[in-house]
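# Residue-level structure breakdown
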Amino acid sequence: MPGQKHIYFISDLHLGMYPREKSLHREKLVVQWLEEIKDHAAELWMLGDIFDYWFEYSKVVPRGFTRFLGKLASLRDAGVQIHLIPGNHDIWVFNYLKEEIGLQVHRKSLLRQWNNHTFFLGHGDGLHKGDYSYRMLQKIFKNRLMQWLYARIHPNGSVTFAHWWSKQSRMREGAFKVYQGAEKEHQIQFARKYIKTHPEIELFVFGHRHIPFDIRIAENSRVICLGDWIGNFSYGVFDGENFQLKKYLEDQGSIITE
């Protein structure tokens, strides 16, 4: 890590989420946080659902997020490496952010090593093999033909529908999910199984669940869920030796540990 700078991790901003006024407020907070870390950051990893909805037509990208995208471009111009692993809400990120800002898009979970510390990084969805309906929906979303057909719909219709669907889904599930305990959380169960064949992994870092937790699953292994920027305003930072899950607004939510 150059000059002892840090690696930062963030997920589940859901920018553009209804209502617009609250989303704009959260966007300004994220931009403020990015400004504060810019001189200390070597890399920024965004682990999915950065946008509540994102679909790139060949000549059109979603409106909004001007402050956020501008700040990302500023960080990248300053030499900060920026990485994105799309989540289930921004799965339709294609080439625009790569070409316009210079960030790197990773389509799958991956292993990364810094200073001989091995990380498993991913959005954290679809880890439960028994969730057949979710896996089928993801296959449809990732299908090139279905993407091509969806792109034939005028943005006024497709974007309106996507926002309606997202709002209905959130009303059914609740924006703030409940921690199920280490024996039931799919991310923790996945990590416990995966580490049996990959004992070198020290940190599994995910988003998706909207719940900030830091759970030790072995003497040298932990599972981190980054939380969100809806009610928790949490993020991760690695200084080259230690990983910490932190809160930007200390009076918002709590970090679960076991």
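Residues numbered from 1 in each chain as written. Predicted model: local features only at pLDDT ≥ 70, side-chain atom pairs only at ≥ 80, totals over all residues. Heavy atoms only, no water.

What follows concerns helix α5 (residues 144-151). Every buried residue belonging to α5 is among Q147, Y150 and A151, and all of these are buried. Axial view of α5: buried residues confined to an arc of 100 degrees, hence all on one face. Residues of α5 that are exposed and point over 90 degrees away from its buried face: L145 and W148. Sitting at the amino-terminal end of α5 is N143, which places a side-chain oxygen 2.9 Å from the backbone nitrogen of L145. (Buried < 20%, exposed > 50% of the residue type's maximum accessible area, 1.4 Å probe, protein only. Helix = DSSP H or I, 4+ residues; strand = E, 2+ residues; numbered from the N terminus. Arc of directions from axis to C-beta. Polar contact = N/O pair within 3.5 Å; in protein donor to acceptor, adjacent residues only side chain to side chain.)

Cis rather than trans, the peptide bond between Y18 and P19 has omega equal to -5 degrees. Here P19 is to be found in the loop between β1 (6-10) and α1 (20-37). Not every positive phi belongs to a glycine, and H14 is a case in point at roughly 50 degrees. By the element assignment, H14 lies in the loop between β1 and α1. Looking at H14, the relative accessible area reads 1%, which means it is buried. Unlike most non-glycine residues, H210 shows phi in positive territory, near 65 degrees.

The next point concerns the pairing of strand β5 (residues 110-114). Bridging between β5 and strand β6 (residues 117-121) involves five bridges; their strand directions are antiparallel. Following the sheet pairing, L111 is matched in β6 by F120. Joining the antiparallel neighbours β5 and β6 is a turn of two residues, in which N115 adopts a positive phi near 50 degrees. (Pairing = 2+ DSSP bridges.)

Counted according to the given criterion, the structure contains five salt bridges. Across the salt bridge formed by K71 and E35, the nearest N and O atoms sit 2.5 Å from each other. Taken together, the residues K71 in helix α2 (residues 66-77) and E35 in helix α1 connect sequence positions 36 residues apart. Residue R222 is joined to D214 by a salt bridge in which the shortest nitrogen-to-oxygen separation is 2.8 Å. For the residue pair R222 and D214, the accessibility class agrees, reading buried in each case. What emerges from the salt-bridge pattern is a single network uniting E35, K38 and K71. (Salt bridge = Lys/Arg side-chain N within 4 Å of Asp/Glu carboxyl O.)

So, on to the packing of aromatic side chains. Tallying each qualifying case throughout the model produces 34 aromatic pairs. Ring centres 5.9 Å apart and planes at 80 degrees place the aromatic pair Y8 and W33 in the edge-to-face group. Taken together, the residues span a long stretch of sequence, with Y8 in strand β1 and W33 in helix α1 at a distance of 25 residues. W33 matches Y8 in its accessibility class, with the two residues each being buried. Ring plane angle 85 degrees and centroid distance 5.0 Å describe the contact between F55 and W92, whose orientation is recorded as edge-to-face. Of the two residues, F55 is situated in the loop between β2 (41-46) and α2 and W92 in the loop between β3 (81-84) and α3 (96-100); the sequence distance between them amounts to 37 residues. (Phe/Tyr/Trp six-rings, centres within 6.5 Å; stacked < 30°, edge-to-face > 60°.)

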